[in-house]
Amino acid sequence: MNDELSAMTLAQVSQGLEDGEFSSVEITSACLERIEAFGPQLNCFVEVTADAAMAQATLADDQLRGGHRKGALHGIPLAEKDMFVRVGRRSSMGSKLGTKFMPTVTATVLRSLDAVGAISVGRLHMTEFAAGPTGQNEYLGSCRNPWNADHISGGSSSGSGSAVAARMVYGSIGSDTGGSIRLPAGMCGVVGLKPTHGLVSRHGGMPRCWSLDVFGPIARTALDCALLLEAIEGVDPDDPATYAPHTSVRASQLGGSLKGIRVGLPRNCFLSDAAPEIVHALEEALAALRELGCTVVPVDLPATAPIYALTQIVNKAEAAALHAKWIGTYYDDYGLSARSRIEAGFHIPAPLYLWALAARPKVLRAFAEAVFTRVDALMLPLLTEPVPSIAEVDMTASADVPAVINRITRCTRWVSYLGLPAIAAPCGFSDGQLPISFQLLGRPYAEQLLLDLVHQYQSVTAWHRRVPPLIARQEVCP
Amino acid sequence: MNPELIRLCAEAFYGHDVPMPRATELAEEVFRLVEGAQFDAALPGFEDSPDRFLAALLEAAQIGIASR
């Protein structure tokens with residue numbers, strides 16, 4: 001029974017709870033059992049708060065029985081990347097330095113989830129200070145991919161991708177500065193949505209880069225992501241980036257006609273040098289969208305390499321500014337990977353950084369006019385090659401790691417500079433049985449369309465239903 | 001760009017003596033970023049101010065809507 005419960009999606013357990021088919025205590029117990037069985041081998045949790053989660057579940061059951069349902073997330077076990085703070089509770093931020101910082105506020109996303117009765121079963125692994133797309137961490141150890149533990153989970157929301165794919169929780173909240181929601185979601189075979197810049201409050205989250213950071217959901221389906229996004233989006237006086245007026249996401253409105261929706265496929269980049277199995281998977285995904293009524297339109301993308309460079313300038317300069325005091329004081333407490341990324345930002349002159357920021361509105365306008373006058377959404381690969389192994393990104397063993405990192409982020413990083421929404425979703429498996437995912441980009445605030453495209457794609461495909469072949473340790477070593 | 005100069009600047013910013021053995025390598029990385037970004041030669045106006053990015057997002061949200 002417990003495996004059946006953990007195999008269900010967030011939307012399914014939400015419905016089951018509402019219908020009284022099972023209790024929050026039962027589904028929370030199922031998640032905790034799975035975390036106990038598989039958590040250590042994937043290294044996806046920093047801390048499991050089992051007692052607190054069970055107390056929350058008991059309370060949720062009382063409220064649900066009393067007819068006080070707070071919404072679709074009431075009584076649902078989730079977990080968050082370990083960079084969202086609560087008053088009086090330390091978060092690691094993926095660093096040994098996390099113990100030095102005692103929060104005096106609670107993150108807005110956590111307050112939003114608390115308000116709708118969601119349950120937190122713990123805090124999840126992340127790359128040190130969210131600086132890196134692999135899920136490696138010298139302090140916490142590497143987070144592992146549930147499809148093959150010798151391969152990276154992706155990062156920096158590494159534990160979120162791994163734990164959701166391994167059916168330990170029904171959803172998670174991560175952060176994305178250059179791919180940190182999309183990459184772990186896509187590499188682990190689940191759905192990750194990077195919202196438009198400013199859609200979700202960043203207050204109380206660890207900043208990686210003020211101008212590029214966004215927070216968003218990771219879950220098994222687009223519908224689940226929509227339910228999570230509904231709960232966390234909105235205006236927050238503590239994050240003025242949320243002040244732009246926009247239409248809110250409505251999970252209940254997914255499923256409308258896609259007839260006439262134009263999906264672009266870039267003909268001048270990315271696919272030309274992608275691995276054949278990835279090209280094939282994307283072609284199959286586009287065929288499915290065609291069947292659903294979409295029109296597939298070839299488009300020529302503006303050059304993305306310069307946008308990638310601009311992203312790097314902003315990212316590195318802001319990270320250096322954020323960490324200037326700490327890295328000067330605690331230099332030896334930073335891991336090699338995080339330190340070398342942050343260090344580079346000290347060498348970027350202020351005028352160069354300001355040029356990169358000043359160019360942003362103009363570059364966004366040019367990109368939107370080149371793409372969104374022709375299509376409503378743009379499909380790209382998430383990666384142009386299969387998910388790398390942990391050995392391939394080990395900085396202590398290989399000098400090629402920066403090149404591998406650049407290849408991992410070449411389809412995601414520049415999207416953050418543009419501030420556009422993007423969703424990653426599984427669309428196949430490589431010869432090595434690791435997930436292949438596509439990425440869909442939309443106009444600013446087009447989350448509803450992106451979620452609907454993936455929701456309806458998932459209604460006619462089954463990639464998201466595949467479960468990683470995890471084997472509990474006692475079964476391997478009796 | 002003189003690696004020794006930017007090493008000294010970095011030290012001044014840290015306010016701490018931080019070893020910078022990679023100064024030359026990092027200077028080259030900055031050169032690559034400048035070259036890669038292909039900066040526009042035009043002088044930016046106030047319409048390009050970084051604090052206009054939210055407004056630019058709202059404008060971009062409407063681009064192409066009419067052609068649907």
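Before reading further, recall that the structure is shown in the block above.
Fair warning: this is a prediction, and the values are worked out from it, not measured in the lab. (Residues numbered from 1 in each chain as written. Chains lettered and ligands numbered in written order. Predicted model: local features only at pLDDT ≥ 70, side-chain atom pairs only at ≥ 80, totals over all residues. Heavy atoms only, no water.)

Asks: Summarise the overall build of chain A; cite the residues concerned and give the values.
Replies: Of regular secondary structure, chain A possesses 17 helices and 13 strands. The C-alpha atoms of chain A give a radius of gyration of 21 Å, which matches the 23 Å a tight globule of 478 residues would have. Here chain A holds 478 residues, and 65% of them are scored as buried. Taking as baseline every contact in chain A between residues at least 6 positions apart, the subset at least 24 positions apart corresponds to 77%. Counting only carbon and sulfur atoms, one obtains 53% of the accessible surface of chain A, whose full area is about 16100 Å². A gap of 6 Å separates the mean positions of the 39 positive and 46 negative side-chain charges of chain A. (Helix = DSSP H or I, 4+ residues; strand = E, 2+ residues; numbered from the N terminus. Rg over C-alpha atoms; globule rule 2.2 N^0.38 Å. Buried < 20%, exposed > 50% of the residue type's maximum accessible area, 1.4 Å probe, protein only. Contact = heavy atoms within 4.5 Å. Areas by Shrake-Rupley, 256 points an atom, 1.4 Å probe, with all protein chains shown as cover. Lys, Arg positive; Asp, Glu negative; His and termini not counted. Charge placed at Lys NZ, Arg CZ, Asp CG, Glu CD.)

Asks: Describe the pairing of strand S7 (residues 191-194) of chain A, listing the residues and the values that go with them.
Replies: Residue and element names in this part refer to chain A. Of the two faces of S7, the one carrying Val-191 and Leu-193 and the one carrying Gly-192 and Lys-194 are both buried. Two elements, S7 and strand S8 (residues 214-219), share two bridges in a ladder whose sense is antiparallel. Bridge pairing links Gly-192 to Ile-218 in S8. As defined by bridge partners, S7 adjoins strand S12 (residues 422-429) across three bridges and the pair is classed as antiparallel. (Pairing = 2+ DSSP bridges.)

Asks: Go over the packing of helix H3 (residues 24-42) of chain A against helix H4 (residues 50-65) of chain A with me, naming the residues and quoting the values.
Replies: Residues and elements named next belong to chain A. Direction vectors running N to C along H3 and H4 enclose 160 degrees, while the axes themselves pass 8 Å from each other. In terms of axis orientation, H3 runs roughly antiparallel to H4. Note on packing geometry: the crossing formed by H3 with H4 is right-handed. Contact residues: Ser-24, Val-25, Thr-28, Ser-29 and Leu-32 in H3; Ala-50, Ala-53, Met-54, Ala-57, Thr-58, Ala-60 and Asp-61 in H4. Broken down by class, the residue content of the contact of H3 with H4 amounts to seven nonpolar, four polar and one charged. (Axes fitted to C-alpha atoms, helices over the stretch in contact; angles between N-to-C directions. Parallel < 35°, antiparallel > 145°, perpendicular 65-115°, else oblique. Left-handed = near helix turned anticlockwise from the far one by under 90°. Nonpolar A, V, L, I, M, F, W, Y, C, P; charged D, E, K, R; others polar.)

Asks: I'd like to hear about helix H3 (residues 53-62) of chain B, residue by residue, with values.
Replies: For H3(B), the full list of buried residues reads Phe53(B), Ala56(B), Leu57(B), Ala60(B) and Ala61(B). Looking straight down H3(B), one finds that the buried residues subtend no more than 140 degrees of arc, so they occupy a single side. The inward-facing, buried residues of H3(B) contact helix H13 (360-371) and helix H15 (413-418) of chain A. In the segment just after H3(B), Gly64(B) is the residue with positive phi, at about 85 degrees. (Arc of directions from axis to C-beta.)

Asks: Can you tell me about the pattern of salt bridges, naming the residues and giving the values?
Replies: Side-chain pairs of opposite charge can arise whenever the charged atoms involved come near each other. Residue and element names in this part refer to chain A. Within the structure shown, the criterion is met by 15 salt bridges over all chains. Of the charged contacts, one joins Glu-80 and Arg-89 as a salt bridge, the two residues approaching to 3.6 Å between their closest N and O atoms. Exposure remark for Glu-80: the relative accessible area of 4% places this residue in the buried category. Asp-114 is the salt-bridge partner of Arg-86, the closest N and O atoms lying 2.7 Å from each other. Here the residue Arg-86 occupies a position in the loop between strand S2 (77-81) and helix H5 (108-115), and Asp-114 occupies one in helix H5, the gap between them amounting to 28 residues. Look at the salt bridges and you will find they share partners, linking Glu-47, Asp-82 and Arg-123 into a network. (Salt bridge = Lys/Arg side-chain N within 4 Å of Asp/Glu carboxyl O.)

Asks: Tell me about the interface of chain A and chain B, residues and numbers included.
Replies: Contacts between chain A and chain B engage 49 residues on the former and 41 residues on the latter. At the boundary of chain A with chain B, total buried surface from both sides reaches about 3800 Å², with 72% on carbon and sulfur atoms. On the surface where chain A and chain B come into contact, there are zero salt bridges. Across the contact surface, chain A and chain B share two residue pairs in polar contact (both at pLDDT 80 or more). Of all the secondary structure elements, the ones that give two or more residues to the side of chain A that touches chain B are helix H10 (305-329), helix H11 (336-344), helix H12 (350-358), H13 and H15 of chain A. The element contributing the most residues to the side of chain A that touches chain B is H10(A), with 12 residues. Residue classes in the side of chain A that touches chain B are distributed as 32 nonpolar, eight polar and nine charged. (Buried area = accessible area lost by both parts, 1.4 Å probe. Polar contact = N/O pair within 3.5 Å; in protein donor to acceptor, adjacent residues only side chain to side chain.)

Asks: Can you break down the nonpolar core residue by residue, with the values?
Replies: All names here are of chain A. Of all hydrophobic cores here, the largest spans 132 residues; its most connected members are Phe-367, Trp-414, Phe-438, Leu-440, Leu-451 and Leu-453. Here this core takes 11 residues from H10, the largest share from any one element. If sequence neighbours within four positions are ignored, Leu-451 has contacts with Leu-193, Ala-222, Cys-225, Ala-226, Leu-229, Val-249, Leu-254 and Ile-423. (Core = buried A, V, L, I, M, F, W, Y, C linked by side-chain atoms within 4.5 Å.)

Asks: Give a detailed account of the sheet that holds strand S1 (residues 45-48) of chain A, specifying residues and quantitative values.
Replies: Residues and elements named next belong to chain A. Reading across from one edge, S1-S3-S2-S6-S8-S7-S12-S13-S11-S9-S10 is the order of the 11 strands in this open sheet, with mixed pairing throughout. Two strands in the sheet have a free side with no partner beyond their single neighbour: S1 and strand S10 (295-299). Between one strand and the next, the sheet's axes are offset by a mean angle of 30 degrees, whatever the strand orientation. As paired strands, strand S9 (residues 262-266) and strand S11 (residues 377-381) are joined by two bridges and run parallel to one another. Bridge assignment links Val-263 to a residue of S11, and that residue is Ala-377.

Everything listed here is a matter of coordinates, which is why it stays silent on function.
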